[in-house]
Number of protein chains: 2
Amino acid sequence: MTAQEAYQWLLQHSRESAYLESFARLAAWDQATYTPRKGHPHRAQMQAALAKLLHQRATDPRIGERLAILEGSSWLQPGSVEAVNVREWRRAFERATRIPERLAVELAQATSEGEAIWEEARPKNDWEGFRPILKRIFALTRELADVLGYKEEPYDALLDQYEPGATTAQLEPIFKQVGEASVALLRRIQGSRRRPDTAILRRHFPIPAQEAFGKEVIARLGFDLEAGRLDVVAHPFMQGIGPGDVRLTTRYYPDYFNAGFFSIVHEMGHGLYGQGLLPEHFGTPMGSEISLGVHESQSRTWENLVGRSLGFWRYFWPRVQHHFEALRDVRLEDFYFAINAVEPSLIRVEADEVTYNLHILIRFEVERALLRGELDLEDAPEAWEAKYQQYLGVRPPQIGDGLMQDVHWAAGLIGYFPTYTLGNLYAAQFFARAERELGPLEEQFARGEFSLLLEWTRRNIHHQGSRYWPRELLWQVTGEDLNPTHLLTYLERKFSALYGV
Amino acid sequence: MTAQEAYQWLLQHSRESAYLESFARLAAWDQATYTPRKGHPHRAQMQAALAKLLHQRATDPRIGERLAILEGSSWLQPGSVEAVNVREWRRAFERATRIPERLAVELAQATSEGEAIWEEARPKNDWEGFRPILKRIFALTRELADVLGYKEEPYDALLDQYEPGATTAQLEPIFKQVGEASVALLRRIQGSRRRPDTAILRRHFPIPAQEAFGKEVIARLGFDLEAGRLDVVAHPFMQGIGPGDVRLTTRYYPDYFNAGFFSIVHEMGHGLYGQGLLPEHFGTPMGSEISLGVHESQSRTWENLVGRSLGFWRYFWPRVQHHFEALRDVRLEDFYFAINAVEPSLIRVEADEVTYNLHILIRFEVERALLRGELDLEDAPEAWEAKYQQYLGVRPPQIGDGLMQDVHWAAGLIGYFPTYTLGNLYAAQFFARAERELGPLEEQFARGEFSLLLEWTRRNIHHQGSRYWPRELLWQVTGEDLNPTHLLTYLERKFSALYGV
């Protein structure tokens, strides 16, 4: 078999698997939107059958044989599309084949059970009921880290699944710096006499108007609603089915503006990445998102750097007043201050830009200590509470608002949380670079011009697919390594001005 | 390998394929309901990739090896669930392996092209544009009949795909009898002075009220909306995803009652069959519908024998008047007459109970003659028009309302039309038997009691899955062979009373 034949085989194998994955994603979207109540058990069995088939395809020994032919061949030009795909196919094949079937099955069972138990135990604050399965999930995940392999510590193996090349050693000092600066900024804000009137966001916002305004905004920002949808779910997410079919979801509260609107813009940021992948590379690494952190950078860019900027609201102010009677007596500046209110809270998903990364830092520190065996699971709730007290000055009155608030660990997503803060860091660093190239962006936003920024992200990020791992992508796009100064400078400028501190 | 091991292997293979088919069905439902415009090309590629995989699974030579072990084994008890499954697995395997890949691919391409050309050509009455691809589809279908095999004539091989065991020789005299009786009844009705006031069905019927009333009715009839859905599409259909997930669709016109309502009840009839299959047999022939004709018998039972009966409307009359202001000055008897108006028309899908089977008879005669080579495709439009003139006394002014009105032939569905009339015949024969066992059904309907009939169809038809081929099922349930007298007696009684002829 020639190198070219080997490549063609891998290309077809990869594409066929990707079409099957499109079915799995469509079915997952449907589970969250339109599956009837009694259809869920069958859906779970469908997904299990397809997952089994996809695992068989991912570990097919013929992949390894063909990769070996290519890796020893001069046919593969360094830096070419083909070389990128071969590199990432190897990475995926190694990961898939290193996990013994027994471990994969046990993890799938434990996390499936874990999610179900969490769902029941969280509202009841039932830590004793949740702890045994969580202990098992951490033990299995530790095993997983060992079979995946790492250089310095087990946590690296987990992190690398979501963020190729990221290591604890690299993240730790950066996260620490972000944490300290955030705490310092928060303290100053708390000392300010200025307070936004957030009650204006709790007025009556009819759901049809929220939907109409949301769709108007995302269409203006560049999301193609003929190549996507917007539906309602309990926990918003974005699902990219494939080229021309990228689906956003949100939830609406008739008496709260932020939840619906910023979910839409956040998920649209993910969706723009999905719509920006090159369709000719569909089903290969060159046509796929590189990491969760880079994904999150796209959602945070549009949600925060664009959607919570004054320029953005200058442009949309007449439209928002048109859609919502409740805002007709409100001044733009008061609205802008209200949507940027900083308030230490217990719940990550409700956190503002200043405190958000502290929520992540706490999770990073706790899960890493658990995995290293430096912290017993029995003591984790207390460690969690102490950290909330220390960083945010609040203490969860019940564990459902504490360690048990997120589904991630129950779902086996350990080492996943850091990608949220990485997303914020990348977003600020990309944005700073874009601004250097494109000129002051908020002035463009105030004129309703969002296409320069979108095209810049398309060219520099979306079209690159998985060509570069995140750290290399940062170098390529911004000319420097991951640098928290961009995020911290942005936060400092924005919030010291808002709060006069 | 023991017989039991062979059976277990086949069971798992069949179930896994069925889960994959559930994905295909979900994706097809989504294509008709919620897929964004630009997502359709990707969806077609997804479906092609899955169809290829399912074809590979269906022709896996290990199936044949295991079937051979079982067929020669005393382990398989005649009449057992296992024996039924083995019989039907053999049938499916033979069919799948007899079709050479070249022919399958050419048919798939020609029909995909055919549907697209039909879509464009029909509104333009462009027969010259449509004829070449239709000629090719008929030629390929003739080839298909030859590889599938038949005893008497090629049409049998096609018919047998949709209606196991049915033959042209059996159907021809029955269809002829139904045709003659229908024409005679129609002539008498046309001679009557009584005319229903169908304008009352063309008043204003707000769509939300149509949806609310439709859901109220199907819930009362026994359709479980927690194990299903009702959505809006251009061309209504039922899609059974799997146990607990059976989806109905309809379309609404704000100024026409019948289209939305009777589509809902028709599709619900299909849906009740889907909800009545035994979930423990999911993914095997014992848990699957036996034929299109039997499927159609279920939809026609609820649409016509129940939904167009006076008893049904006696019960729902207060509810329909509650939902629709437009009907508050209408008398029940006038409404009942209007929804049962008989009027020869050009369009099959709008036909009443008396003329419907004439539309089918014409298609059966034309497609069979084409397949036997007794009619040239060039002459088919004229043959079509002559038959409409002869049976229905109407002549299509344009081919879009004539031979080109249905998508079926363009989609390769040749030999499919007879299953519609078979459905009407089975429905009447089952209904007559049910009435003998359960007492006068319309009196039950008038009291809002539909569960006895539903339970009877569950027990006798739905729970049987593919145990009996349709003709044997008729014997088992009604104690006689297919007998058109039941349908003709029903039509004669109902319409002679309505029209006083």
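Here is what the cut-offs are and how they apply
Residues numbered from 1 in each chain as written. Chains lettered and ligands numbered in written order. Predicted model: local features only at pLDDT ≥ 70, side-chain atom pairs only at ≥ 80, totals over all residues. Heavy atoms only, no water. Helix = DSSP H or I, 4+ residues; strand = E, 2+ residues; numbered from the N terminus. Rg over C-alpha atoms; globule rule 2.2 N^0.38 Å. Buried < 20%, exposed > 50% of the residue type's maximum accessible area, 1.4 Å probe, protein only. Contact = heavy atoms within 4.5 Å. Areas by Shrake-Rupley, 256 points an atom, 1.4 Å probe, with all protein chains shown as cover. Lys, Arg positive; Asp, Glu negative; His and termini not counted. Charge placed at Lys NZ, Arg CZ, Asp CG, Glu CD. Core = buried A, V, L, I, M, F, W, Y, C linked by side-chain atoms within 4.5 Å. Domains from an automatic or database assignment. Axes fitted to C-alpha atoms, helices over the stretch in contact; angles between N-to-C directions. Parallel < 35°, antiparallel > 145°, perpendicular 65-115°, else oblique. Left-handed = near helix turned anticlockwise from the far one by under 90°. Pairing = 2+ DSSP bridges. Least-squares fit on C-alpha atoms with pLDDT ≥ 70 in both. UniProt positions renumbered as here; feature names shortened; annotations may be inferred. Polar contact = N/O pair within 3.5 Å; in protein donor to acceptor, adjacent residues only side chain to side chain. Buried area = accessible area lost by both parts, 1.4 Å probe. Salt bridge = Lys/Arg side-chain N within 4 Å of Asp/Glu carboxyl O. Nonpolar A, V, L, I, M, F, W, Y, C, P; charged D, E, K, R; others polar. Expected span 1.5 Å × (residues − 1). Bend = angle between axes of the 7 residues up to and from the residue.

1. Quick word on the overall build of chain A
- The helix and strand tally for chain A stands at 20 helices and 3 strands.
- Relative to its length of 501 residues, chain A is compact, with a C-alpha radius of gyration of 23 Å against a globular reference of 23 Å.
- Taking the principal axes of the C-alpha coordinates as reference, chain A spans close to 70 × 50 × 50 Å.
- Here chain A holds 501 residues, and the buried ones make up 58% of them.
- Sequence separation of 24 or more characterises 73% of the internal contacts of chain A that already satisfy a separation of 6 or more.
- Carbon and sulfur atoms form 50% of the exposed surface of chain A, whose accessible area is close to 20400 Å².
- When the 56 positive and 68 negative side-chain charges of chain A are each reduced to one mean point, those points stand 2 Å apart.

2. Quick word on the nonpolar core
- With 133 residues, the main nonpolar core has F257(B), W302(B) and W313(B) as its most contacted residues.
- Shared between two domains, this core takes at least three residues from each, and those domains are domain 1 (3-127) and domain 2 (168-499) of chain B.
- Excluding residues that lie within four positions of it along the chain, W302(B) makes contacts with L221(B), V265(B), M268(B), G269(B), L272(B), G307(B), F450(B), L453(B) and L454(B).
- Within the second largest apolar cluster, 132 residues are counted, among which are V183(A), V354(A), F417(A) and Y426(A).

3. Some points on the packing of helix α11 (residues 292-306) of chain B against helix α16 (residues 418-438) of chain B
All names here are of chain B.
- Contact pair α11 / α16: the axes reach a minimum separation of 7 Å and the direction vectors enclose 60°. Regarding the angle of α11 to α16, the classification is oblique. The handedness of the crossing between α11 and α16 comes out as right-handed. From α11, L292, G293, V294, E296, S297, Q298, R300, T301, N304, L305 and V306 reach across to α16, where they touch T419, Y420, G423, N424, Y426, A427, A428, F430 and F431.

4. Details of the side chain of H408(A)
- Within the element layout of this structure, H408(A) appears in the loop between α15 (380-392) and α16 (418-438).
- When residues no more than four places from it in sequence are discounted, the contact partners of H408(A) are R348(A), L413(A), Y416(A), F417(A) and Y420(A).

5. Quick look at the pairing of strand β3 (residues 245-250) of chain B
All names here are of chain B.
- Where burial is concerned, most of β3 is hidden: 6 out of the 6 residues are buried.
- Two strands pair when backbone bridges link them, and strand β1 (residues 228-232) and β3 are joined in this way by 5 bridges, in the parallel orientation. Within β3, the residue paired with V232 across the bridge is T250.
- Note: strand β2 (residues 238-242) against β3, 4 bridges, orientation antiparallel. Across the sheet, residue G240 finds its bridge partner in β3, namely V246.
- Between β2 and the antiparallel strand that follows it, β3, lie 2 residues; G244 among them carries a positive phi value of about 80°.

6. Things to note about the relation of the copies chain B and chain A
- Its rotation angle being 180°, the transformation that places chain B on chain A also includes 0.1 Å of axial translation and leaves an RMSD of 0.0 Å. With respect to symmetry, the two chain copies, as superposed, fit the operation of a two-fold axis. Considering only C-alpha atoms, the part of chain B nearest the rotation axis is F23(B), at 3.2 Å.

7. Here we look at the environment of L438(A)
All names here are of chain A.
- Inspection of the secondary structure puts L438 in helix α16.
- A relative accessible area of 21% means that L438 is categorised as partly exposed.
- In the structure, L438 is positioned 14 residues away from L452 in sequence and 7.3 Å away in space, judged by C-alpha atoms.

8. Comments concerning the UniProt feature "binding site: Zn(2+)" (unreviewed entry) in chain A
Residues and elements named next belong to chain A.
- When the UniProt feature table is mapped onto this chain, "binding site: Zn(2+)" (unreviewed entry) is found at H266, H270 and E296. These annotated residues cover 31 residues of sequence, and their C-alpha atoms all fall within 8.8 Å of one another, placing them together at a single site.
- Mapped onto the secondary structure, H266 falls in helix α10 (residues 257-276).
- Non-local contacts of H266, meaning those with residues more than four positions away in its chain, are made with E296, S299, R300 and E303.
- By the element assignment, E296 lies in helix α11 (residues 292-306).
- Judged by relative accessible area, which is 6%, E296 ranks as buried.
- Ignoring any residue separated from it by four or fewer positions in sequence, one finds E296 in contact with H266, H270, T419, Y420 and G423.
- Within the structure, E296 has its side chain in polar contact with the side chain of H270 (distance 3.4 Å).

9. Overview of the interface of chain B and chain A
- Contacts between the two partners involve 38 residues from chain B and, on the opposite side, 38 residues from chain A.
- Together chain B and chain A conceal approximately 3100 Å² of surface at their shared face, both sides included; 62% is due to carbon and sulfur atoms.
- Taken together, the connections running from chain B to chain A amount to 10 salt bridges.
- One salt bridge connects R43(A) with D245(B), and the closest N-O pair in it is separated by 3.1 Å.
- At the surface where chain B touches chain A, the tally comes to 22 residue pairs in polar contact (both at pLDDT 80 or more).
- The element that contributes the greatest number of residues to the side of chain B that touches chain A is helix α1 (residues 3-33) of chain B, accounting for 11 residues.
- Here the residues of the side of chain B that touches chain A sort into 17 nonpolar, 10 polar and 11 charged.

10. A closer look at the sheet that holds strand β1 (residues 228-232) of chain A
Residues and elements named next belong to chain A.
- If you walk across this open sheet you meet the 3 strands as β1-β3-β2, and the pairing is mixed. Each end of this open sheet is capped by a strand with a single partner; those strands are β1 and β2 (238-242). Each adjacent strand pair in this sheet contributes to an overall mean axis angle of 20°, direction not counted.
- This element, helix α1 (residues 3-33), spans β1, β2 and β3 (245-250) of the sheet and lies at about 145° to β2.

11. Examining the pattern of salt bridges
Residue and element names in this part refer to chain B.
- Applying the stated rule across the entire model yields 88 salt bridges over all chains.
- Between R348 and D406 there is a salt bridge, with its nearest N and O atoms 3.0 Å apart. Of this pair, R348 sits in the loop between α13 (332-339) and α14 (356-372) while D406 sits in the loop between α15 (380-392) and α16, and the two are 58 residues apart along the sequence. Comparing R348 with D406 shows no difference in burial state: the two are buried.

12. A word on α11(A)
Residues and elements named next belong to chain A.
- Taking 1.5 Å per residue as the helical rise, α11 with its 15 residues ought to reach 21 Å, and the 20 Å between its terminal C-alpha atoms agrees with that figure.
- Along α11, the sharpest change in direction is near 35° and occurs at R300.
- In terms of residue burial, α11 counts as a mostly covered element, since 14 of its 15 residues are buried.
- With a side-chain oxygen lying 3.3 Å from the backbone nitrogen of G293, the N-terminal cap of α11 falls on S291.

13. Structural notes on the UniProt feature "active site" (unreviewed entry) in chain A
All names here are of chain A.
- Mapped onto this numbering, the UniProt entry gives "active site" (unreviewed entry) at E267.
- Note that E267 resides in helix α10.
- Its relative accessible area of 8% is what places E267 among the buried residues.
- Sequence-distant contacts of E267, that is, excluding residues within four places in its chain, are made with P236, F237, M238, L248 and T249.

14. Considerations on the environment of A227(A)
- Position of A227(A) among the secondary structure elements: in the loop between α9 (207-221) and β1.
- Sequence spacing of A227(A) and V246(A) is 19 residues, and the spatial spacing of their C-alpha atoms is 6.3 Å.

15. Points about the sheet that holds β1(B)
Residues and elements named next belong to chain B.
- With mixed pairing, the 3 strands of this open sheet are ordered in space as β1-β3-β2. In the strand order of this sheet, the two ends are held by β1 and β2, each with one partner. Taken pair by pair, the neighbouring strands of this sheet meet at an average axis angle of 20°, ignoring direction.
- Of the strands in this sheet, β1, β2 and β3 are in contact with α1, which crosses β2 at around 145°.

16. Quick notes on unusual backbone geometry
Residues and elements named next belong to chain A.
- Of note in the backbone geometry, N125 takes a positive phi value of approximately 55° without being a glycine.
- Turning to its location among the elements, N125 is positioned in the loop between α5 (101-121) and α6 (127-148).
- Judged by relative accessible area, which is 26%, N125 ranks as partly exposed.

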